[in-house]
Structure formats: C-alpha cells, structure tokens
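# Report on the structure
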Amino acid sequence: MRGIADKRSEFSRFLPMTADPARDGLKAVKPYFPTANRAEILRAIEHACVGGRHGSSIYEERRQAGYYVNCNPKNRQLLNGYVAANPAAQPHSR
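A brief structural summary. (Residues numbered from 1 in each chain as written. Predicted model: local features only at pLDDT ≥ 70, side-chain atom pairs only at ≥ 80, totals over all residues. Heavy atoms only, no water.)

## Here's the deal with the nonpolar core
Our working definition: For our purposes a nonpolar core is just a set of buried Ala, Val, Leu, Ile, Met, Phe, Trp, Tyr and Cys residues, chained together by side-chain atoms within 4.5 Å. To sort residues, take the accessible area from a 1.4 Å probe on protein chains only and compare it with the maximum for the residue type: under 20% means buried, over 50% means exposed, and anything in between is partly exposed. Helix and strand assignments come from DSSP, with helices taken as H or I runs of at least 4 residues and strands as E runs of at least 2, each series counted from the N terminus. Contact criterion: two residues are considered in contact whenever any of their non-hydrogen atoms come within 4.5 Å of each other.
In terms of nonpolar packing, the biggest core is built from 13 residues, with Phe14, Phe33, Ile41, Ile45, Tyr67, Val69 and Leu78 touching the most fellow members. When residues of this core are traced back to their parent elements, those giving at least two are helix H1 (38-48) and strand S5 (65-70). Looking at which element gives the most residues to this core, the answer is H1, with four residues. In this structure, Ile45 is in contact with Phe11, Val69, Arg76, Gln77 and Leu78, ignoring residues within four places of it in sequence. Listed in part, the six residues of the second largest apolar core include Ile4, Met17, Leu26 and Leu79.

Rendered as structure tokens:
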C-alpha cells in the first residue's frame, strides 16, 4: 500500500498521503513495502537518516519500487511508494 508511516500511526501502518506529492518534489512509484512492518520501517528510517541527512530516496530498479524517508527529527516519516522526482535535488523536510 502506498502511504505514510510516522508517529501518527506508530510506524505500524501506512496512512494515505493527502497532499500533492509533486508539490513536495516527489513522484509516485510502486510501493516498496507490501505491508507495514514496524520493525522494517524503523530500520529503514534509521539507515536513511545517518549523518545529518535531510531525506533519502530508495529505489529498486528491478522491481520499480521505492520509498522516501523524511529525516526531520521532530517528525520522521517513511513515504512508501514515493521517491524524489529529481534525485539530484532531494526534497527537504518541512
């Protein structure tokens, strides 16, 4: 399922994204995670947010699936099924 996992869902389910992803510099792709698994989601967020990064896209070309991690320390999020529209200019946390 495409959506957002964050503290609102305790990282245990994906909530629908209500904002326009293109407005935030994202594009829709196939969801990377078939189901919301809290341990996998938290591990992916920790891995993506190393070294003071703002955010990170993970895209698996073979499956054409991906996700984006927002590393804002006040509200870390994993956006399943979205990646940066322009990988050279990653979206910034709001």
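So much for the structure itself; the text now carries on.
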